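# Structural overview for review
Residue-level listing of the chains:
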Amino acid sequence: MDVIFCGGGDVRSQEQSPSLRRGMIRCAVTGAGCVASWSGDRRSPAVNPCSVRMPTGNGGGWCGGLRLRAADLAGLEMASLRGGVGGLFRASPRYGRLQATAAVDPEDIPLEKVQVKSSGHVLSYVGVACLGAILFGYHLGVVNGALEYLAKDLGIAENAVLQGWVVSTSLAGATLGSFTGGSLADKFGRTRTFILDAVPLALGAFLSATAQDIRTMIIGRLLAGIGIGISSALVPLYISEISPTEIRGTLGSVNQLFICIGILAALLAGLPLAGNPAWWRTMFGIAVVPSVLLAVGMAFSPESPRWLFQQGKVIQAESAVKRLYGKEMVTEIMYDLRASGQSSSEPEAGWFDLFSKRYWKVVSVGAALFLFQQLAGINAVVYYSTSVFHSAGIASDVAASALVGAANVFGTMIASSLMDKQGRKSLLITSFSGMGASMLLLALSFTWKALAPYSGTLAVVGTVLYVLSFALGAGPVPALLLPEIFASRIRAKAVALSLGMHWVSNFFIGLYFLSVVNKFGINNVYLGFASVCALAVLYIAGNVVETKGRSLEEIERELSVAE
C-alpha cells in the first residue's frame, strides 16, 4: 500500500485508500491539485529533481513536503518546508526508481512523518564515547616517556626483558579485550559494556601509578590493555550505530582523531619528567579521571537503538531514538529498522557463524584491512622516526615525536572533513598510495648515493608524508568502515574479530621487527612495506564497497547473501 504525504503548512492525514492509485495530490495549504513525478537512482547519490506542477486554473506555486512510501521499498524521502506552499525535493540514494501520481485528501497526511530537522543530542553522546578513544591513545603512549624512569624506581633498569614486558603486556591485554568486547556488547548492550570497560581502565591505571614492584606494574598494564582492547572495538561500533547517515563518516573518524589526541596528551604529560623523575606515577594516575568520566557519562547515555531493536525492545529503541535525534525522527528511524528486517527471528550469531559462507567474505574484508594497516609499516615508521630526525639534525626526541603526532592529528582532521564527501574507499586508496610513495622515498634516502647530501631532509619529509597519508585513510577508515559493512546480527563479534587481528599483528610485528631489520636492512624493509601498500590498493579496489551516504540498514540489505 502506498502512503503519500503532501506538506507545507498545517498538514494532517491518514493512510491512502488502496483505490487511489493515480490522479492528483491536493495541496493541504491551498487546496489546489498538483501532479508529481520523480525518479532516483538506487546506487547514485545524485538524484534527478522532482517536479510538482499546479494544474492550470488552480493557482500557481509549489506543493511542498511530498513523500511517498511503498511496502516493497524502504521509502522516498523529500525535504519539507514550513509555511507557505513551497518545497524542494530530496530523494535518498537508497531507494529505487519510482513513478507515481495519486489523489488524497489533506486529512490523509500524517504530520509526524513529515521530515524535519533533528533536535536530538547525538554529538554529546559521541563525545562521551570518545573518552574511550582518548584512553586508548593515552595508555598506548604513556609508557614511552615513562619507561626509563619507572625502570629505575622498580629496579629493572638493567633488565631489557622485563622492560619489554611492561610495554608488550598491554598489547596482549588489548588482544584479549578486543575478542571479549564483542560478546559483552552483544550480551549486555553497548552502554553497559562501556561502564564495565571503565573498571579495568581505571584499575589498571591506579595499579600502574602505585606499583612498588614489577609484578604489580605488569598486572596494571595487563588490565589497562584489556580495557583499551574492549574500547577499540566498542567506540567505533557505538558511534556508527548512533550517528546520522549523512555525517556518520565524519563522526566515525573522530574516533581516530581522539586516539591521536590521547597519544599527544601522553607526550605532553611526560614533559615534567626531566625535572621530576617521580612524575611517571602521576602520568599513569591521570588516566583514572577519564575512566571514571566514561562510566558516569555512559550511565546517562542512550543505548544503541539498533541493539535494542535487535533484542526486541521496540519501546526502548523508540525512546533512545528520541534522545539521540529528537522526537521528530522516531517514525523515520523506526521505519528503517523495521524495513531492515532486524526484528527477524534469527538467533544471535555465534563466533563460528562469522566463518560461514553467508558472512565470511565481508568478515575477511574487515580482517584484511587491519592486516594491511599493520603490515604497511606504521609502527616501524613511528619507531624509527626519532633516529630519522636525528640524522636530519633534530636532536630532541620530544620534538621528533611532536612532529609525527602533529602530522597524525592534522591528517585525521582532513580525513574527517572528507569522509562524507570523498567516501571511504577513495580515501583508503589515496592513503595507501601515499604511504607506498613515502616508503619508496624513505628507502631511496637511505640507499641512493646521489641523494646522500639531502638524505636527512628527505627522510624527515618521507616520514611526515607517510604519517600524513596514513592518517588520511588507513588509520581512521577501517574502524569506521567495519561496523558499516557488517550485518547487525554479527556486527559486534565481527568488529571484535577484526580488531583482534589488529592487535595480534601489532604484537608479532613489534616482536620480530628488529630481527627482520638486522637481517635484511632497513631500506629493504621499507621496500617491503611499499609492496604491501601496492597490494592493499589492488585489494581495496576489488573488494571494498563504498558506504558514503547510506544507512546501515541499506548497506546490510545490499551485502546480505542468501543462505
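The structure displayed is predicted, hence computed values, not measured ones. (Residues numbered from 1 in each chain as written. Predicted model: local features only at pLDDT ≥ 70, side-chain atom pairs only at ≥ 80, totals over all residues. Heavy atoms only, no water.)

### Remarks on the overall build of the chain
The test is simple: Only DSSP runs of H or I reaching four residues or more are called helices, and only runs of E reaching two or more are called strands; each is numbered from the N terminus. With a 1.4 Å probe rolled over the protein chains alone, any residue whose accessible area is under 20% of its type maximum counts as buried; one over 50% counts as exposed, and the rest are partly exposed. Working definition of accessibility: Shrake-Rupley area with a 1.4 Å probe, residue cover restricted to the visible protein chains.
Along the backbone of the chain there are 19 helices and 5 strands. Going through the 563 residues of the chain one by one, you find that 53% of them count as buried. Summed over its atoms, the accessible surface of the chain is roughly 23,900 Å², and 64% of this surface lies on carbon and sulfur atoms.

### Notes on the environment of A133
The criterion, for reference: Contact definition: two residues touch when any of their heavy atoms are within 4.5 Å.
The residue A133 is located in helix α1 (residues 122-153) in this model. Measuring from C-alpha to C-alpha, the distance between A133 and N255 comes to 5.9 Å, with 122 residues separating the pair along the chain. Not counting the four nearest positions on each side in its chain, A133 is found in contact with V235, N255, F258 and I259.

### Topic: the packing of aromatic side chains
Put simply, the rule is: Any two of the Phe, Tyr and Trp rings considered here, Trp counted by its six-membered ring, make a pair once their centres fall within 6.5 Å; the pair's planes then place it as stacked at under 30 degrees, edge-to-face at over 60, or tilted in between. A ring is scored as having a charge over it whenever the NZ atom of a lysine or the CZ atom of an arginine sits within 6 Å of its centre and within 35 degrees of its normal.
A complete count under the given rule lists 5 aromatic pairs for this structure. On the basis of an interplanar angle of 45 degrees and a centroid distance of 5.4 Å, the ring pair of F136 and W503 is categorised as tilted. Pair noted here: F136 is in helix α1 and W503 is in helix α17 (residues 491-520), with a separation of 367 residues, a long-range link. W503 gets classed as buried once you look at its relative accessible area, which sits at 0%. Judged by centre distance (5.6 Å) and plane angle (50 degrees), the rings of F372 and Y539 are tilted. Pair noted here: F372 is in helix α11 (residues 360-375) and Y539 is in helix α18 (residues 522-543), with a separation of 167 residues, a long-range link. The aromatic ring of F188 is capped on one face by K187, whose charged end is 5.8 Å from the ring centroid.

### Details of the environment of V362
Assignment of secondary structure puts V362 in helix α11. Separated by 132 residues in the primary sequence, V362 and A494 place their C-alpha atoms 9.2 Å from one another.

### Re the packing of α1 against helix α4 (residues 214-242)
Heads up, the condition is: Every angle, taken between N-to-C directions, lies between 0 and 180 degrees, and every axis is a line fitted to C-alpha atoms, over only the stretch in contact when it is a helix. Reported orientations rely on four angle classes, namely roughly parallel under 35 degrees, roughly antiparallel over 145, roughly perpendicular from 65 to 115, and oblique for the rest. Left-handed describes a crossing in which the near helix is turned anticlockwise from the far one by less than a right angle; the clockwise case is right-handed.
Where α1 contacts α4, the two axes come as close as 9 Å, and the packing angle between them is 150 degrees. Comparing their axes, α4 and α1 come out roughly antiparallel. Classified by chirality, the crossing of α4 by α1 is left-handed.

### What about the pattern of salt bridges?
Condition: Basic side-chain nitrogens of Lys or Arg form a salt bridge, by our definition, when they fall within 4 Å of a carboxyl oxygen of Asp or Glu.
In this structure the tally under the stated criterion is 7 salt bridges. A salt bridge links K493 to D186; the shortest N-O distance between them is 3.0 Å. Here the residue K493 occupies a position in helix α17, and D186 occupies one in helix α2 (residues 160-188), the gap between them amounting to 307 residues. A salt bridge links E484 to R424; the nearest nitrogen and oxygen atoms lie 2.6 Å apart. Here E484 is found in helix α16 (residues 477-485), whereas its partner R424 is found in helix α14 (residues 424-447), with 60 residues between them in sequence.

### Side note on the nonpolar core
Using the following cut-off: What we call a nonpolar core is a set of buried Ala, Val, Leu, Ile, Met, Phe, Trp, Tyr and Cys residues that are connected through their side-chain atoms within 4.5 Å. Throughout, the edges of the domains are those of an automatic or database domain assignment.
Counting residues in hydrophobic clusters, the biggest one holds 127 residues, and the most contacted among them are L150, M217, V363, F432, F486 and I490. Among the elements that take part in this core, α1 stands out by supplying 18 residues, more than any other. Two domains each provide a minimum of three residues to this core, namely domain 1 (119-301) and domain 2 (346-562).

### Quick word on a nonpolar patch on the surface
Threshold: Candidates for patches are residues over 30% relative accessible area with no salt bridge; among them, like charges are joined within 9 Å and nonpolar side chains (Val, Leu, Ile, Met, Phe, Trp, Tyr) within 5 Å.
Together, V504, F508, L511, Y512, V516 and F520 give the surface a local cluster of nonpolar side chains, amounting to about 540 Å² of exposed area. With respect to the helices, strands and loops of the structure, F520 is situated in helix α17. A relative accessible area of 47% places F520 in the partly exposed class.

### Considerations on the packing of α2 against helix α3 (residues 190-210)
Let me state the cut-off plainly: Polarity classes work like this: nonpolar for Ala, Val, Leu, Ile, Met, Phe, Trp, Tyr, Cys and Pro, charged for Asp, Glu, Lys and Arg, and polar for all others, with Gly in that last group.
Running from N to C, α2 and α3 point in directions that differ by 130 degrees, and their axes come no closer than 7 Å. Put simply, α2 runs oblique to α3. Seen along the crossing, α2 lies across α3 with a hand that is right-handed. Taking contact as the criterion, the partners of G181, L184, A185, D186 and F188 in α2 are, on α3, R190, R192, T193 and L196. Taken together, the residues of the contact of α2 with α3 break down into 4 nonpolar, 2 polar and 3 charged.

### What about the confidence of the model for the chain?
Test applied: Each residue carries a pLDDT value, the predictor's own confidence for that position, ranging from 0 to 100.
Put simply, the chain has an average pLDDT of 74, and 72% of its residues get 70 or more. Below a pLDDT of 50 lies the segment residues 1-116, which in the model reaches 245 contacts outside its immediate sequence neighbourhood of four places, other chains included.

### Notes on the environment of L154
Structurally, L154 can be placed in the loop between α1 and α2. Each C-alpha atom of the pair L154 and I214 lies 6.1 Å from the other, and the pair is 60 residues apart in sequence. If we skip the residues at most four places from it in the chain, L154 touches A211, Q212, D213, I214, M217 and R281.

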